[in-house]
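Here is what each chain is made of, one letter per residue.
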Amino acid sequence: MSITRRQFMAASAASLASASVVGAEGPSAKGQVVHTVYFWLKNPDSITDRDALIAGLKTLKKVPEVKSLHVGVPANTEKRDVVDNSFNVFELMFFDDLAGQATYQQDPIHLAFVKNCSHLWEKVVVHDSLTV
């Protein structure tokens, strides 16, 4: 299944909206936001595509709201039922709060990343959480 840029942006906006609604209900709304993203490449055997996506992701550390960025690939760890290493590239970001994460979504650097790299991936899964 392929995800278009428009679908990715709509899913991101929906995710952000639901996080804002849920987060606003309790005191944890002021907690640090941990943003994890898993990417599955359209061409999973292409080192060139993988490296282009990694390079694109690394540009995101220039966004002022991004407090920390980790980009990685699946580790060759022990095979267990609970381990899913089917993804090709992983991104982990930290934001001070929900407002910072919301600002990041509209930052020109993030929008340029989506525009320039979305053709590389087939699937994206985002998990956002608040520190408790």
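For the structure, check the block above.
In this report, we go over the structure that sits alongside the text. (Residues numbered from 1 in each chain as written. Predicted model: local features only at pLDDT ≥ 70, side-chain atom pairs only at ≥ 80, totals over all residues. Heavy atoms only, no water.)

Notes on the packing of helix H3 (residues 98-106) against helix H4 (residues 108-117)
Two elements in contact, H3 and H4, have axes separated by 5 Å at closest approach and are oriented at 50°. For the element pair H3 / H4, the angle class is oblique. Across the interface between the two elements, Tyr104, Gln105 and Gln106 of H3 pack against Pro108, His110 and Leu111 of H4. The residue inventory of the contact of H3 with H4, partitioned by class, reads three nonpolar, three polar and no charged. (Axes fitted to C-alpha atoms, helices over the stretch in contact; angles between N-to-C directions. Helix = DSSP H or I, 4+ residues; strand = E, 2+ residues; numbered from the N terminus. Parallel < 35°, antiparallel > 145°, perpendicular 65-115°, else oblique. Contact = heavy atoms within 4.5 Å. Nonpolar A, V, L, I, M, F, W, Y, C, P; charged D, E, K, R; others polar.)

A short note on H4
All buried positions along H4 are accounted for by His110, Phe113, Val114 and Cys117. The buried residues of H4 occupy one face: seen down the axis, they fall within an arc of 95°. Away from the buried face of H4 by more than 90 degrees, exposed residues Pro108 and Lys115 are located. Measuring from the backbone nitrogen of Ile109 back to the side-chain oxygen at the start of H4 gives 2.7 Å, which picks out Asp107 as the cap. (Buried < 20%, exposed > 50% of the residue type's maximum accessible area, 1.4 Å probe, protein only. Arc of directions from axis to C-beta. Polar contact = N/O pair within 3.5 Å; in protein donor to acceptor, adjacent residues only side chain to side chain.)

With respect to the environment of Val34
With respect to the element layout, Val34 can be found in strand E1 (residues 33-41). With residues up to four places along the chain from it excluded, the contact list for Val34 reads Leu92, Met93, Phe94, His127, Asp128, Ser129 and Thr131.

Looking at the packing of aromatic side chains
Scanning the model with the defined rule gives seven aromatic pairs in all. When the centroid spacing of 6.3 Å and the interplanar angle of 55° are considered together, the rings of Phe87 and Phe90 count as tilted. According to the relative accessible area criterion, Phe87 is buried, its value standing at 11%. Considering the side-chain rings of Phe95 and Tyr104, the 5.1 Å spacing of their centres and the 50° angle between planes classify their relative orientation as tilted. Considered together, Phe95 and Tyr104 belong to a single accessibility category, that of buried residues. When the ring centre of Trp40 is taken as reference, the NZ or CZ atom of Lys123 above it lies at 4.5 Å. (Phe/Tyr/Trp six-rings, centres within 6.5 Å; stacked < 30°, edge-to-face > 60°. Lys NZ or Arg CZ within 6 Å of the ring centre and 35° of its normal.)

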